[in-house]
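Structural features, examined
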Amino acid sequence: MTDTLTLTRPDDWHLHLRDGDVLGDTVAASARCFGRAIIMPNLVPPVADLAAANAYRQRIERAMPADSAFTPLMTLYLTGETTPAQIREAHKAGVLAAKLYPAGATTNSASGVRDIREIDSVLETMSECGMLLLVHGEVTDSDIDIFDREKIFLERVLEPTRQRFPNLKIVLEHITTADSARYVRESTENLGATITPQHLIFNRNDMLVGGMRPHLYCLPILKRNTHQQALRDAVVSGDSRFFLGTDSAPHDRTKKESACGCAGCFSAPAAIELYADVFEELGVLNQLEAFAAFNGADFYGQPRNTDTITLVRKPWTVPETLPLGSGEIRPLRAGETLNWQLARTD
Ligand SMILES: NC(=O)N[C@@H](CC(=O)O)C(=O)O
Ligand SMILES: [Zn+2]
Ligand SMILES: [Zn+2]
């Protein structure tokens, strides 16, 4: 049994840092381990153009720990008003991706897109210039059950969009179903997917049996165990189109433990350790490096990191709560023991 694991430094291809007084805590939690992160643009108001992305990047950089080499990779939030000119301008300035939030699908998606055909000219431009489309893949129709919203999105939105724009590179974010895992595996190389720690570790029984656990509530919602198993199989397959995206999405404890609790799990404080434990359980610890440090960079056409991190097998307990700005937060697997621990970064 190995007790030390040195990996090329990983990146997080799906991360929410939020804004304002929590930035110091959220940035530090990710910068402790990850080299780069794709920063989700669902602030209020959304990060919808280059000027907003640049300003947000500066706020993140100001919040960075002194000796950190963390690089935030900014994204644009697509709205019904986004123009092809805004896409070209952002692409020229190095923005790698834009994010589709179906309006009403998730946290801070109210400014999102009502019908994807409204943004066809924007998608055409993205396809031409090589900007990636990141999608929250759920339909929002009130008659579609919350557990079916991802599957129906594949049929009604993703497949037709891919047919209209076969050259558009798309990341199906935070996949939660066997349907999505199969769809990605059967598709062309232009489609990739991120997988979160919570969707590998938990299924809906963990959230709902023996009491309702609001800290496991995220979107897309945890599905039944067969779907969880399909995601685990996807990781074990070693298919390079699956890669690390934590979807670490902090909400203050009072906003989670509430009559109408927010969706999102805060995994950043233990992100790589959470994945290491799952990969070991699946018997594929040797595949963690590709999933965490190679596949995402390759898919995005970015160079792989050249420095390393080292994990050691040394059980530790995730804190029950952590400070988050002026409030506090309960991280994913709070109070539980993890086997792997980040020892150093080189
Ligand atoms: N995943 C979540 O449950 N929440 C995310 C939004 C998102 O990624 O859908 C958030 O911003 O809180
Ligand atoms: Zn989402
Ligand atoms: Zn997210």
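Structure's up top.
A brief report on the enclosed structure follows. Since we're looking at a predicted model, the values are computed, not measured.

Overview of the environment of alanine 105
Here alanine 105 lies in the loop between strand S5 (97-100) and helix H4 (120-129). When the C-alpha atoms of alanine 105 and valine 139 are compared, they prove to be 6.9 Å apart, with 34 residues separating the residues in sequence. Setting aside residues up to four positions removed in sequence, alanine 105 forms contacts with His136, Glu138, Thr140 and Leu219.

What to know about helix H5 (residues 149-164)
The end-to-end C-alpha separation of H5 is 22 Å, in line with the 22 Å expected for 16 residues at 1.5 Å each. Along H5, the sharpest change in direction is near 35 degrees and occurs at glutamate 155. Where H5 is concerned, the buried positions are Arg149, Glu150, Ile152, Phe153, Leu154, Val157, Leu158, Thr161 and Arg162. Turning to H5, the residues buried within the fold contact S5, H4, strand S6 (132-135), strand S7 (170-172), helix H6 (178-186) and strand S8 (191-195).

Topic: the packing of H5 against H6
In contact at an axis separation of 9 Å, H5 and H6 are set at 25 degrees when each is read in the N-to-C sense. By the angle class used here, H5 and H6 are roughly parallel. The element H5 and its partner H6 pack so that their crossing is right-handed. Residues Glu150, Lys151, Leu154, Leu158, Glu159 and Arg162 of H5 form the contact with H6, whose participating residues are Asp179, Ser180 and Tyr183. Classifying every residue of the contact of H5 with H6 gives three nonpolar, one polar and five charged.

So, how was this worked out
- Residues numbered from 1 in each chain as written.
- Chains lettered and ligands numbered in written order.
- Predicted model: local features only at pLDDT ≥ 70, side-chain atom pairs only at ≥ 80, totals over all residues.
- Heavy atoms only, no water.
- Helix = DSSP H or I, 4+ residues; strand = E, 2+ residues; numbered from the N terminus.
- Contact = heavy atoms within 4.5 Å.
- Expected span 1.5 Å × (residues − 1).
- Bend = angle between axes of the 7 residues up to and from the residue.
- Buried < 20%, exposed > 50% of the residue type's maximum accessible area, 1.4 Å probe, protein only.
- Axes fitted to C-alpha atoms, helices over the stretch in contact; angles between N-to-C directions.
- Parallel < 35°, antiparallel > 145°, perpendicular 65-115°, else oblique.
- Left-handed = near helix turned anticlockwise from the far one by under 90°.
- Nonpolar A, V, L, I, M, F, W, Y, C, P; charged D, E, K, R; others polar.

Note that every value here comes from positions in space, so none of it alone points to a role or purpose.
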